[in-house]
Amino acid sequence: MSCCCKEKTQDCNCAGQEIEVLGKTARADIQFDQIAELLSTGKETFAMYENHKLTESALAMWNLHKEVIDATLDGGWDNQRHPWCREMQDFWRYGLAFCDYGMLSMAMIDPSMKDEICEYARKTVLLMKDTPIWDEWVRFGFNDNPITKDNIMYKGHLHFTYGVYELLSGSREFEEEYQFLTDIMVREYEANSICETPYWGIQCELDQYFPQCNSVGMLGMKVYDLIHGTDLNERYSKKIYEFIYDRVSDKETGLLFAKYHPSHDQGEPYITGFCNAWGLNLLHPYYPQLLEGAYRTFIRYFGKELMDGQALYIKEYANFDEASTGREESMGVFYSMALAKEYQDVESWEKFARYFIGVYGIEIEEGIARFKKAEPVDETFVHNYILFGQVHQPWEKIFSYDWQAFREGGRD
Amino acid sequence: MEKPNFDHPLSVTAEEIWQMEETREFPIDIESHYKGLLNMMDVLYYRNGNSFYPEIKTRHAAYFLALAMPSFAIIDPCRTREMKYNLHVASLVIESDNLSKQLAVYDAPSIRRLEVFVILALYKLVSEKTINDERFHAYAEEVYGRIVENGRSAQNVFAYDTIEGTYEAYPNLAALLAFRIHDRCFGTDYCGCIEDTLLTFIREKLLDEETGLFLEFYKTGSLGIKGEHLSRSASWSGREQTAACNALAIAFMNYFDEAASERAWKAFKEKFTDQQLHVTAEELQDAETSSYVSQLTPIAQGLYGSLLAAKEMGDRDYFEKLQRHILTVAEPDQREGKIFFDALGNEQKLHGDFLTVARVHVGWKKILEHNWEDYYDFDYDKVR
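Computed from a prediction, not measured in an experiment: that's the story for all the values here.

Chemist: Where do I start with the pairing of strand S5 (residues 362-365) of chain A in this structure?
Modeler: All names here are of chain A. Bridge count for S5 against strand S6 (residues 368-371) is four bridges, and the pairing is antiparallel. Bridge assignment links Glu363 to a residue of S6, and that residue is Arg370. Hairpin connection, S5 to S6: the antiparallel pair is bridged by two residues, and Glu366 has positive phi, about 50 degrees.

Structure (structure tokens):
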């Protein structure tokens, strides 16, 4: 395929419908000849917890996920079977982590899968610690390690994945590392709240505070509480949300600002798709009355209808109707299915699911999901988000689940 | 939050551009353009200068965008806090070693120093914060020190050099602006020491008596060796009078010498209008040649610089003529929340920043004489 510029260049900004961005972004396809058929309906998907069973398509996606994880552990990130796109290396951790969070929901849906889920939760911890997942922090010259300061965009996810594994399995294999990281984060929360330009939370890069990245650290504290009987969510996460509400969001709608800069106490009052698709999901437990309205506003302003209204895409900017081809800017739609699950929006969930099936040609072959219209690197990266989007249960449900009973072999 | 609006006209007339100061609002194409460029600059900052675009061009792109920031804040005071942060970031981005390339021919450390100095000056103008004060002082001393060193050397030129032994009007005028701001903010007297000297040098060596236009450069043949015995008679002024050089010089001279600028501007229009209005997209796409002060090709620097000069001179008719031409050949398209200039290829990133400052610039007099203190606390009033 060619783009509309005279020469194809690596970072071409062309948003012409024929651009091909292999494994770099969500596909910018928004023209479809037909309406994609769902592999599992929204009704079936939302009933998984009550039915104690994954849908056929969720199971198929899980089977693909296991293949990807094993291929990566055995052959590395450049393995031949399920390679990861090196140009997207800085983003690998997000897909991996969100799929990991989905394992909590999978465990609730079908506790009989406990051993298998714990096995892959453990494998995810191993991969999350592997150098390519975090080394851009060192390569870019921020520090000689990715966890001692800032970088919540990595260490928040690492912290959460430690917690997922320990919550599911009861294993204390990584407890020392988990505790070390928790202590670092708590110290930073406290130090940042009283520094010269105080704020609640942790920066990603210097002077860059992203509400969606902080949401991961916040929920991670809740998971830690569930394991250790502490109150870190109360002492820190709630204060972080109050800060986000006050300085990094539109108080009228609850929608999140793009970012905040502590040096100048400056929230950037721009509402974007990627930030909210992720952030509204994980922050829901902190102010449900407001954020439920925020969700509806978000879908109304940022959801773009495709396939004669049967599919939905998440735009990056409300005022512009095109798909975004920038890397991060195109990723809002990745978080869309899980977002719809969190807010119990069956209709939107189905529409987002149709978008992915239509773009990537997802089919089930011998019980495994395959992306027939995508390169291997697309399949490797994007499937994580789709599995999360299929299985995710609302956070309040996850946090009120009887995890002790689960570990002991029972069910809530 | 503003409701979505899919109406995206381009602001082609001068009235639409000048109206911004009255309505205190940016038309959507300016807004989109700004957002796209700002995103680039922010990413540069938080990726520690790691850029997909050539390093030195990136640095200059950040600089020209930053020049526009005070104007943004004057037009919409509720953006003051945002512009403070942006200027702060720009100063760090330009300073980043990752955006320097020692082996590159057009990477002039003195221009990089100057650009940081100017942006720190603009930061101090719009901000009550002291976080950059030390850096600002250090750069003021460095630039001033270089001027004095050049003067005391065998070159005997009390002026700021672009590269060793080469002196141009625009960098010296930009330095003067920054010194004015430093003096205003800190009660120093750099301008008392150096302004007359620099302006005299420019008038004597870099202005053509006959045409009133700026000359390309003044060169001394300095070999960079301290204590060399230069032949004073062997220094020379480059007699060529280009749009590229004059546009930037006029845009920055106007604050210091309106009469000289008016004269030069009149001559500029007589000599260069036809050329400007026939610049093609192919010529703008060219990335082979470059410039120490902008990284643009001479044709591009001349064209966008003319737009900036027209804005500075308050010449609405000329501005509109140029803007219409630029927006025609560049094939702007608003999509994905930004403007792409489809006819400019990869060079659109750098061109875009220059275009922004040219369209938004409210004039140096307004910028330097604005009551910034009254607006320090102003923050956003609208969520976009």
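Picking up after the structure, the text goes on.
Chemist: What exactly am I supposed to notice about the side chain of Ser222 of chain B here?
Modeler: All names here are of chain B. Among the structural elements, Ser222 can be located in the loop between strand S3 (217-219) and strand S4 (236-238). Note on Ser222: relative accessible area 10%, which makes it buried. One polar contact links Ser222 to Glu164, side chain to side chain, over a distance of 2.7 Å. Within polar-contact distance, the side chain of Ser222 engages the backbone nitrogen of Gly224 at 3.1 Å. Excluding residues within four positions of it along the chain, Ser222 makes contact with Gln155, Glu164, Gly165, Glu228 and Leu230.

Chemist: Looking at this model, I keep getting lost on the nonpolar core. Mind explaining?
Modeler: Looking at soluble globular proteins, one finds that nonpolar side chains tend to be buried together. Residues and elements named next belong to chain A. Core analysis: the biggest nonpolar cluster contains 148 residues, and Leu168, Phe334, Phe356 and Trp403 have the highest contact counts within it. By residue number, the principal contributor to this core is helix H4 (residues 92-109), which donates 13 residues. If sequence neighbours within four positions are ignored, Trp403 has contacts with Leu104, Ala107, Met108, Leu167, Leu168, Leu226 and Ile398.

Chemist: Whenever I open this one, the interface of chain B and chain A confuses me. Can you help?
Modeler: Often, the extent of an interface is quoted as the loss of accessible area on bringing the components together. Of the residues lining the interface, 43 residues belong to chain B; the matching set on chain A comes to 49 residues. For the pair chain B and chain A, the summed buried surface comes to about 4100 Å²; carbon and sulfur atoms form 53% of the total. The interface formed by chain B and chain A contains three salt bridges. Across the pair Arg81 of chain B and Asp265 of chain A runs a salt bridge, and its minimum N-O distance is 3.2 Å. Counting the contacts that link chain B with chain A gives 10 residue pairs in polar contact (both at pLDDT 80 or more). Mapped by element, the contributors of at least two residues to the side of chain B that touches chain A are helix H2 (28-46), helix H4 (80-95), strand S5 (332-335) and strand S6 (338-341) of chain B. With nine residues, the top contributor of residues to the side of chain B that touches chain A is H2 of chain B.

Chemist: Explain unusual backbone geometry to me, please; I cannot follow it from the model alone.
Modeler: Trans is the common state for peptide bonds, and a negative phi is the common state for residues other than glycine. All names here are of chain A. With a phi close to 50 degrees, Asp265 is a non-glycine residue in the positive phi region. Relative to the helices and strands, Asp265 is located in the loop between strand S1 (260-261) and strand S2 (266-267). A positive phi is found at Glu366, a non-glycine position, where the angle reads about 50 degrees.

Chemist: Would you mind showing me how to read the environment of Ile30 of chain B here?
Modeler: Residue and element names in this part refer to chain B. When you line up the elements, Ile30 lands in helix H2. On the basis of relative accessible area, Ile30 is assigned to the buried category, the value being 2%. Separated by 20 residues in sequence, Ile30 and Leu10 have C-alpha atoms that sit 8.4 Å apart. In this structure, Ile30 is in contact with Ile17, Met20, Phe72, Arg359 and Val360, ignoring residues within four places of it in sequence.

Chemist: Hey, could you run me through empty space enclosed by the protein in this one?
Modeler: Empty pockets left among the atoms are what a rolling probe the size of a water molecule brings to light. Applying the stated criterion across every chain, the model contains six cavities of 30 Å³ or more. Considered as a void within the structure, the largest cavity measures approximately 100 Å³ in volume. Breaking the lining of the largest cavity down by element, the ones donating at least two residues are helix H3 (56-75), helix H15 (346-360) and helix H16 (376-391) of chain A. In terms of residue count, the dominant contributor to the lining of the largest cavity is H15 of chain A (four residues). Among the residues forming the lining of the largest cavity, the class breakdown is 10 nonpolar, three polar and no charged. Space inside the second largest cavity adds up to approximately 60 Å³. What lines the second largest cavity is simply Arg146, Glu149, Asn150, Ser153, Gln155, Glu164, Ser222, Gly224, Ile225, Lys226, Gly227 and Glu228 of chain B.

Cut-offs used in this document
- Residues numbered from 1 in each chain as written.
- Chains lettered and ligands numbered in written order.
- Predicted model: local features only at pLDDT ≥ 70, side-chain atom pairs only at ≥ 80, totals over all residues.
- Heavy atoms only, no water.
- Pairing = 2+ DSSP bridges.
- Helix = DSSP H or I, 4+ residues; strand = E, 2+ residues; numbered from the N terminus.
- Buried < 20%, exposed > 50% of the residue type's maximum accessible area, 1.4 Å probe, protein only.
- Polar contact = N/O pair within 3.5 Å; in protein donor to acceptor, adjacent residues only side chain to side chain.
- Contact = heavy atoms within 4.5 Å.
- Core = buried A, V, L, I, M, F, W, Y, C linked by side-chain atoms within 4.5 Å.
- Buried area = accessible area lost by both parts, 1.4 Å probe.
- Salt bridge = Lys/Arg side-chain N within 4 Å of Asp/Glu carboxyl O.
- 1 Å grid on protein atoms, 1.4 Å probe; cavity = no way out; pocket = protein on both sides within 12 Å on 5 of 7 lines; lining within 4 Å.
- Points joined across faces, edges and corners; volume = space filled by probe spheres on them.
- Nonpolar A, V, L, I, M, F, W, Y, C, P; charged D, E, K, R; others polar.

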